[in-house]
Amino acid sequence: MLKHLLVLSPCIVNAFAFQTIPASTLQKSMGSIIMHTSSKKNEQSQTIYDKASFIPFSTSQRYSSFLKSNKDENESSNDEKDAAFRQLLGVKGASVTDDLLKIRIQLMKPVTWIPLIWGVICGAAASGNYHTWNPFAGPDAVDLQDAGIDLAKALTCMILAGPFLTGFTQTINDWYDRDIDAINEPYRPIPSGAISEGQVKAQIAFLLVGGLALSYGLDLWAGHQMPTVFLLSLFGTFISYIYSAPPLKLKQNGWAGNFALGSSYISLPWWCGQAMFGELNLQVVVLTLLYSWAGLGIAIVNDFKSVEGDRAMGLQSLPVAFGIEKAKWICVSSIDITQLGIAAWLYYIGEPTYAFVLLGLILPQIYAQFKYFLPDPVENDVKYQGFAQPFLVFGILTTALAVGRHTF
């Protein structure tokens, strides 16, 4: 079983304020004291006060200006670092660079690798045959070497699913979307001219050939008589191509395109992870395809920000075809109904604990939908996904652990 430990480290800051007591207050309290001060002494006192006091106006103004200038410099530096980080992740707000390696990584959109890597983890968990080393398990402890081999297999599967095949998918998608990106995301490497046509095509070929070679190597490592991982990888790259490239270009059709995207992000990496450590069965195939319907909803979330460009290029994404109001309800319905149905199925097959854990992970997603997404899906798409998606992916892992535990 895969275990996760989340550590929360709160930081508490205390602020102290200093106050001065006006001279008038002291005079009222000690009326018998008469203060005589010459003009020259006042000036000298003021000069000393300016140098030593906490709150003289002249010093305070200069210090405030210094603080504001320093704050502006820090904010500017932080913005530059954030833009550079966004550039490597391949998301909006990225900085501009002429470093070819960074541009190639940006094309591969590393931020999109995470769901595929997570899918491999879920597949390994669902197999029931992934071994972890536990020194406290006593005589039943898994051998450290065996646990290390399983870890190495899982990491290699993650490299296949993430950098190679998702990197291929994102690069080929950017190539065929260069005209749309010129409208929606003109900062992207291809429409901005930061990388040449030949360099893009060379990257596509390297990631495709490298990914397929690695998948075949995994089949040999797992001892498969039928090259299951290779065939799954070949099928995945085919889906990636027809999703982005003419004449089919599935993404032009909201339903077909989004389901293809959802299944590629959930089903395929799950199947790869499970095939590496066990065997696929009909129940798992059906289950993951159902989860891909939830993935369709997630894909629709990403379409709202591109409505203007999609409409201009004649792409029938669901927000374009149905309008934003209808599309947002289709989106949340596909996410929620799918997960609730899977929770009910887990309860039905005799895994009530996992069913209720999954239900507990669905409720925060529904809250985020009403709090952020439904009021304004265009403006709050990123905020919603940042809040809700961790609960979704942990729900998928919960289901995978239930499958790995259950005997079909």
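Engineer: How would you summarise the overall build of the protein chain if you had to cite specific residues and measurements?
Structural biologist: Helix and strand counts for the protein chain come out as 17 helices and zero strands. Considering the protein chain as a whole, with its 408 residues, one finds that 41% of them fall into the buried category. Sequence separation of at least 24 residues holds for 68% of the intrachain contacts in the protein chain that already meet a minimum separation of 6. Carbon and sulfur atoms provide 63% of the accessible area of the protein chain, an area that totals close to 23,100 Å².

Engineer: Tell me what's going on with the confidence of the model for the protein chain, and back it up with residues and numbers.
Structural biologist: Low pLDDT means the predicted coordinates in that region are not meant to be read closely. Confidence in the prediction of the protein chain, expressed as mean pLDDT, is 82, and 77% of residues score 70 or more. Ranking the helices and strands of the protein chain by mean pLDDT puts helix α9 (residues 197–222) first, with 98, and helix α1 (residues 23–29) last, with 39. Scored below 50 in pLDDT, residues 1–60 makes 23 contacts in the model with residues more than four places away or belonging to other chains.

Engineer: I'd like a rundown of unusual backbone geometry, residues and numbers included.
Structural biologist: With an omega of 10 degrees, the peptide bond between P246 and P247 qualifies as cis. One non-glycine residue, K109, lies in positive phi territory at about 45 degrees. Tracing the backbone shows K109 in the loop between α4 (100–108) and α5 (113–127). According to the relative accessible area criterion, K109 is buried, its value standing at 14%. If you check the backbone angles, K249 has positive phi at about 40 degrees while not being a glycine. Considering the arrangement of structural elements, one finds K249 in the loop between α10 (228–244) and α11 (254–277). Judged by its relative accessible area of 9%, K249 falls in the buried class.

Engineer: Give me a nonpolar patch on the surface: which residues, what numbers.
Structural biologist: Taken together, the side chains of L340, Y347, F356, L359 and L363 make up a nonpolar region of the molecular surface, amounting to roughly 510 Å² of accessible area. Counting residues per element, the ones that place at least two in the nonpolar patch are α15 (324–348) and α16 (352–373). Considering each element in turn, the nonpolar patch owes the most residues, three residues, to α16. By the element assignment, L340 lies in helix α15. For L340, a relative accessible area of 39% gives the class partly exposed.

Engineer: Give a description of the environment of I366 that names residues and reports values.
Structural biologist: In this fold, I366 is placed in helix α16. Separated by 22 residues in sequence, I366 and A388 have C-alpha atoms that sit 8.2 Å apart.

Engineer: Lay out the packing of aromatic side chains in plain terms, naming residues and giving numbers.
Structural biologist: In total, this model carries 15 aromatic pairs according to the counting rule given. Centroid distance Y130 to F277: 5.2 Å. Interplanar angle 85 degrees. Geometry classified as edge-to-face. Residue Y130 is located in the loop between α5 and α6 (144–176), and its partner F277 is located in helix α11; the two are separated by 147 residues in the primary sequence. Per residue, the accessibility class of Y130 equals that of F277, and both read buried. Aromatic side chains W255 and F322 sit 6.1 Å apart centroid to centroid with 80 degrees between the ring planes, which places their arrangement in the edge-to-face category. Taken as a pair, W255 in helix α11 and F322 in helix α14 (residues 318–322) lie far apart in primary sequence, 67 residues in all. Given the relative accessible area of 37%, W255 is considered partly exposed.

Engineer: I'd like to hear about the packing of α11 against helix α12 (residues 282–303), residue by residue, with values.
Structural biologist: The geometry of α11 relative to α12 is characterised by a closest axis approach of 7 Å and an angle of 135 degrees between their N-to-C directions. Judged on the interaxial angle alone, α12 and α11 are oblique. Taken as a pair, α11 and α12 cross one another with a handedness that is right-handed. Looking at side-chain class alone, the contact of α11 with α12 contains 15 nonpolar, eight polar and one charged residues.

Engineer: Just give me the short version of the side chain of D174, but keep the residues and values in it.
Structural biologist: Structurally, D174 can be placed in helix α6. A relative accessible area of 2% means that D174 is categorised as buried. Here the side chain of D174 touches R188 through a polar contact of 2.6 Å, side chain to side chain. Here D174 is in contact with L107, K109, D181, R188 and I190, once residues within four sequence places are set aside.

Engineer: Give a description of the side chain of D150 that names residues and reports values.
Structural biologist: In this fold, D150 is placed in helix α6. Among all residues touching D150, those that are not within four sequence positions of it are N129, Y130, H131 and F277.

Engineer: Account for α16, naming residues and giving values.
Structural biologist: Between the first and last C-alpha of α16 there are 30 Å, a value that for 22 residues agrees with the 32 Å anticipated at 1.5 Å per step. Buried within α16 we find Y354, A355, L358, L361, I362, P364, Q365, A368, Q369, Y372 and F373. Next to the buried residues of α16 lie α12, α15 and α17 (381–405).

Engineer: Hey, could you go over the pattern of salt bridges for me, with residue numbers and the actual values?
Structural biologist: Under the defined criterion, the tally for this structure stands at six salt bridges. Ionic pairing is found between D177 and K249, a salt bridge with its closest N-O pair at 3.7 Å. With D177 in the loop between α6 and α7 (178–184) and K249 in the loop between α10 and α11, the pair connects residues that are 72 residues apart, well separated along the chain. Across this residue pair, the class does not change: D177 and K249 are buried. In this structure, a network of salt bridges that share partners links the residues D177, K249 and K251.

The rules behind each value
- Numbering of residues starts from 1 in every chain and runs along the sequence as written.
- Totals for whole chains, interfaces and linings use every residue, but because this is a predicted model, local features are given only for residues with pLDDT of at least 70 and side-chain atom pairs only at 80 or more, for both listing and counting.
- The side-chain numbers reported here are obtained from all heavy atoms of the structure, hydrogens and water having been left aside.
- Here a strand is any run of E in DSSP of at least two residues, a helix any run of H or I of at least four, and the numbering for each starts at the N terminus.
- A simple rule labels every residue: compare its accessible area, found with a 1.4 Å probe on the protein chains alone, to the largest value its type can have, and call it buried under 20%, exposed over 50%, or partly exposed in between.
- What makes two residues a contact is simply this: any of their non-hydrogen atoms within 4.5 Å.
- We get accessible surface area from the Shrake-Rupley algorithm with a probe of 1.4 Å; when it comes to residues, only the shown protein chains can shield them.
- On a range of 0 to 100, pLDDT expresses the predictor's confidence in each residue.
- Any residue with relative accessible area above 30% and no salt bridge may belong to a patch, with like charges joined within 9 Å and the nonpolar Val, Leu, Ile, Met, Phe, Trp and Tyr side chains within 5 Å.
- Salt bridge, as used here: a side-chain nitrogen of Lys or Arg that lies within 4 Å of a carboxyl oxygen of Asp or Glu.
- Ring geometry is summarised as follows: Phe, Tyr and Trp rings, the Trp one being its six-membered ring, pair when their centres sit within 6.5 Å, and such pairs are stacked at plane angles under 30 degrees, edge-to-face over 60 and tilted between the two.
- A fitted line through C-alpha atoms represents every axis, and for helices the fit uses only the stretch in contact; the resulting angles, taken between N-to-C directions, go from 0 to 180 degrees.
- If an angle is under 35 degrees, it is roughly parallel; if it is over 145, roughly antiparallel; if it lies from 65 to 115, roughly perpendicular; otherwise it is oblique.
- Take the far helix as your reference; a near helix turned counterclockwise from it by less than a right angle gives a left-handed crossing, and one turned clockwise gives a right-handed crossing.
- Three categories are distinguished: nonpolar for Ala, Val, Leu, Ile, Met, Phe, Trp, Tyr, Cys and Pro, charged for Asp, Glu, Lys and Arg, and polar for the others, with Gly belonging to the last.
- We call two N or O atoms a polar contact when they sit within 3.5 Å, provided that within protein one can donate a hydrogen and the other can accept it, with sequence-adjacent residues counted only if both atoms are side-chain atoms.
- Expected span, for any helix, means 1.5 Å times one less than how many residues it has.

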